[in-house]
2 protein chains.
Amino acid sequence: MGMRPQDIIRNKRDGGELSREEVASFVRGVVDGTWADYQASALLMAVYLNGMTTVEMEALTQAMLGSGEVLDFSEIELPKADKHSTGGVGDKTSLVIAPLVAACGVAVPMISGRGLGHTGGTLDKLEAIPGYRVHLDLSEFRKVLARVGYAMMGQTAEIAPADKRLYALRDATETVESIPLIVASIMSKKLAAGLGALVLDVKTGSGAFMRDEGRARALAKALVRTGHSCGVQTEALLTDMSQPLGAAVGNANEVQECILIMRGESGDEARDVRELSLELAARMVALAGAAGSHEEARRRVERALESGAALERFRRNVEEQGGDPRVCDDPDRLSDLTVREVRVESVHAGYVEAVDAAEIGRALASIGGGRARVEDKIDPAVGYHARARTGQQVSTGEPLGLLYCRPGPKADAAAARIRAAYTVGDAAPDRVPELIKEVIAQ
Amino acid sequence: MGMRPQDIIRNKRDGGELSREEVASFVRGVVDGTWADYQASALLMAVYLNGMTTVEMEALTQAMLGSGEVLDFSEIELPKADKHSTGGVGDKTSLVIAPLVAACGVAVPMISGRGLGHTGGTLDKLEAIPGYRVHLDLSEFRKVLARVGYAMMGQTAEIAPADKRLYALRDATETVESIPLIVASIMSKKLAAGLGALVLDVKTGSGAFMRDEGRARALAKALVRTGHSCGVQTEALLTDMSQPLGAAVGNANEVQECILIMRGESGDEARDVRELSLELAARMVALAGAAGSHEEARRRVERALESGAALERFRRNVEEQGGDPRVCDDPDRLSDLTVREVRVESVHAGYVEAVDAAEIGRALASIGGGRARVEDKIDPAVGYHARARTGQQVSTGEPLGLLYCRPGPKADAAAARIRAAYTVGDAAPDRVPELIKEVIAQ
């Protein structure tokens, strides 16, 4: 092409719209090294500050997608759909949604991630099931997908390699929180699975990456516009992450909570996870064209959950991916009896006014329940069971939740951090946050 | 300090004012490698787009100055002053100003640069004098300064090393044209010579780096504010660079023009160089406190020029720095008889409406009269003698100027480029640009 990095940087620096060719030249240069890292980071900062149009976001997504392998599952004749969440605390819906949607006749080739910082990751949760293998090669993934209707694996080195290099640069240069860069990163990885439909769960609140609702809404809209530009049916839900989703935060205990939901045995404390999973699943089914309307799709996913069809798919997936399927019949098998339960008690009487969900996530990560750094090891048994929810009345000494931990000073510190993450006040809050704040469709 | 680059980048990214400590930590990190290049370039882009306050500019200047050696000429009891030009075509005033100011009792420890792109450099011009050495070590420089009242050398590796690394990054990331970054780069190098007074010649027009007059004025103001913040008496002149300054562009011929001025033998075509040199020199003398008023300073520099005192200082400097002083008596010695004169003729009759001075500079660089790249060799004999000036009437076939070149196809192309750099129209332009547009003092 012979395009100079400087000219492309200057164009964005001056607030211009990059052409498709300029965007492609940038992404190619990042992968083949003809762009120096310091040139790429200068452009990333210019994008952060000057933004990108929908056309640019689509071009960036396509270029990043094209930097790697695009999976072809055309041999599977079912419609294909996936879900992506921007991440939160206790956000375990993928484990319920994938089998639920598969049970409704839509294939789900789900490529998931690891937890980092305050958020958990689907791969870590799955690995809490004894024997479960997330490192499938593509032919195994394809086989599981064909047999079960869904399969789970991590991103391979072949998918969107440009994203890996750019993410490392963004992380070191404070350009992670740029809507166009987030959009291209998410969409390039998701579209690599050859989907017809994609539903996005964009979270906002204390446990989300975008705490600010306005920014989260803008992200949701940009994702939906870009998805459509790329030829994929896309919808987004703007959802609450102002407290953990469900009661379980951790790895083994989150899987437990999901199995209980699929067994019809979950209580009120998991109502939000169940409802959000049903709604996201229904939207995937409808968007993929496997139901004539949202109402029909919603009825079908509810039936699939209540009939045990979703649990049956889950069991077959666990078997196919090497895990111990007995956890489906006896979720207590996921409990590690060497772990200790520590009560996190309220020091005041009053009402839970607010919860710093991210702080709960970070406190857990500090004792092995998550990762502070990419290279950290996870202890699947470490977790937190939240009992008090926003708006709830608590008395002094009443447990806000239970911490599952290995005894020691770090665990005491984590318990204190979690306690401090709750704001208990004198008056009941005016309103409790709504689970689903908005549906963003094209 | 333990300051994380990310936190500093984020602060500037979000439009904040960096603290003195943050700026110092950045500059230190660029030099010691604790900041990666890609982090530095992200901050440079954020500075480009979000700007810097005067306090930040001063902090950046001081930190860059402090990254290297600060020269101490306190053994010389004269006041010390210097001039800096933002660069132009035919801009040779340093060669006249340094001896002129020295003749008025103000020492000038002048650290100069090389030409690059369309602009010439003082060091290259001086090297057109047979034998002249610009690579002095510090003790030689000090000796010449003490004996002659002025000395000329290039920047050493010890002066503001942070500037070298940052400039290389700016050049590769389109962040050169940022006023705060220009200010800190200029001021940190100039202040390393331990000055009491500094006069800046900020050029605007077709041959300047800042063609836009508003931007050039903003730069001039930022330079003056920052100079004062750093404790140096500073003034700036905003001057015209919409056509070459004087008639001579090149290296040997520019030195010739300066010697003719100092000999009192220059004609009307060098009137602007002479006037600008006198005015800049007078301001240096006044600002350094060696004259009670601008008027007195102006009278003294005029006298020093007319009396031959400036030429005498020049002669002694040439001798001390190893050059052939006979050029002072016989400037024709600088002519290279192997060079050919090519007439650049007007193809139309009419009035010179505009001149693209930068294009003349680049055309000369393409045939060895300047440098397209840092590593290019200079042919001192290559040059251009501009005859037609803006507003002047020309007839068809009349020479716009004479090109001194080595015959060949490149020379023909250069002549054609210079011809095309002149816009000749039917009507005389309403007004001829003023040489000195504005004086910016604190």
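Residues numbered from 1 in each chain as written. Chains lettered and ligands numbered in written order. Predicted model: local features only at pLDDT ≥ 70, side-chain atom pairs only at ≥ 80, totals over all residues. Heavy atoms only, no water.

(A) Here's a closer look at the interface of chain B and chain A. Each partner contributes to the interface: chain B provides 21 residues, whereas chain A provides 21 residues. Buried surface at the junction of chain B and chain A, both sides included, amounts to about 1900 Å², of which 64% is carbon and sulfur. The largest per-residue losses of area from chain B upon contact with chain A belong to Arg13, Tyr38 and Glu174 of chain B, which jointly make up 36% of the total buried on that side. Inspection of the region where chain B meets chain A yields 4 salt bridges. Remark: the boundary between chain B and chain A carries 11 residue pairs in polar contact (both at pLDDT 80 or more). Put simply, the parts of the chain that give the side of chain B that touches chain A at least two residues each are helix H1 (5–13), helix H3 (37–50) and helix H8 (161–173) of chain B. For the side of chain B that touches chain A, the element with the highest residue contribution is H3 of chain B, accounting for 10 residues. (Contact = heavy atoms within 4.5 Å. Buried area = accessible area lost by both parts, 1.4 Å probe. Salt bridge = Lys/Arg side-chain N within 4 Å of Asp/Glu carboxyl O. Polar contact = N/O pair within 3.5 Å; in protein donor to acceptor, adjacent residues only side chain to side chain. Helix = DSSP H or I, 4+ residues; strand = E, 2+ residues; numbered from the N terminus.)

(B) Structural view of the pattern of salt bridges. Scanning all chains against the criterion turns up 82 salt bridges over all chains. Across the pair Glu306 of chain A and Arg274 of chain A runs a salt bridge whose closest N-O atoms are separated by 3.7 Å. Taken as a pair, Glu306 of chain A in helix H13 (residues 294–306) and Arg274 of chain A in helix H12 (residues 271–287) lie far apart in primary sequence, 32 residues in all. On the accessibility criterion, Arg274 of chain A (27% relative accessible area) is partly exposed. A salt bridge links Arg4 of chain B to Asp7 of chain B, with the shortest nitrogen-to-oxygen separation between them at 2.9 Å. (Buried < 20%, exposed > 50% of the residue type's maximum accessible area, 1.4 Å probe, protein only.)

(C) Region of the structure containing the side chain of Arg13 of chain A. With respect to the helices and strands, the residue Arg13 of chain A is situated in helix H1 (residues 5–13). Here Asp14 of chain A takes part through its side chain, which lies 2.9 Å from a polar atom of the side chain of Arg13 of chain A. Not counting chain neighbours up to four residues away, the residues in contact with Arg13 of chain A comprise Ala46 and Asn50 of chain A together with Met45, Tyr48, Leu49, Glu174 and Glu177 of chain B.

(D) Spatial organisation of the relation of the copies chain B and chain A. For the pair chain B and chain A, the superposition axis carries a translation of 0.0 Å, the fit reaches an RMSD of 0.0 Å, and the rotation angle comes to 180°. Interpreted geometrically, this transformation is the action of a two-fold axis. Measuring from the rotation axis to each C-alpha of chain B, the shortest distance belongs to Tyr38 of chain B, at 1.9 Å. Comparing contact sets, 100% of the residues at the interface of chain B also lie at the interface in chain A, consistent with an isologous, same-surface contact. (Least-squares fit on C-alpha atoms with pLDDT ≥ 70 in both.)

(E) Spatial organisation of unusual backbone geometry. The backbone phi angle of Glu174 of chain A is positive, close to 55°, even though this residue is not glycine. Along the polypeptide, Glu174 of chain A turns up in the loop between helix H8 (161–172) and helix H9 (179–191). The class of Glu174 of chain A is buried, set by a relative accessible area of 12%. Look at Ala160 of chain B: it is not a glycine, yet its phi comes out positive at around 40°.

(F) Layout of the confidence of the model for chain A. Per-residue pLDDT for chain A has a mean of 95; in total, 100% of the residues score no lower than 70. The ipTM assigned to the predicted complex is 0.86, against a pTM of 0.88. (pLDDT = per-residue confidence, 0-100.)

(G) Fine view of the domain arrangement of chain A. Split by domain assignment, chain A resolves into domain 1 (5–51), domain 2 (81–330) and domain 3 (335–425). Inter-centroid distance (C-alpha atoms) of domain 1 of chain A to domain 3 of chain A is 43 Å. (Domains from an automatic or database assignment.)

(H) Expanded view of the nonpolar core. Within the largest apolar cluster, 296 residues are counted, with the highest numbers of intra-cluster contacts made by Tyr384 and Leu403 of chain A together with Tyr384 and Leu403 of chain B. Sequence-distant contacts of Leu403 of chain B, that is, excluding residues within four places in its chain, are made with Arg340, Glu341, Val342, Val344, Leu364, Ile367, Gly383, Tyr384, Ala411, Ala414, Ala415 and Ile418 of chain B. (Core = buried A, V, L, I, M, F, W, Y, C linked by side-chain atoms within 4.5 Å.)

(I) Local environment of the environment of Leu198 of chain B. All names here are of chain B. Take Leu198: it is sitting in strand S4 (residues 197–204). Counting along the chain gives 35 residues from Leu198 to Gln233, while the straight-line C-alpha distance between them is 6.2 Å. Once you skip the residues sitting within four places of it in the chain, Leu198 turns out to touch Asp82, Lys83, His84, Met187, Lys190, Val232, Gln233, Thr234, Glu235 and Leu287.

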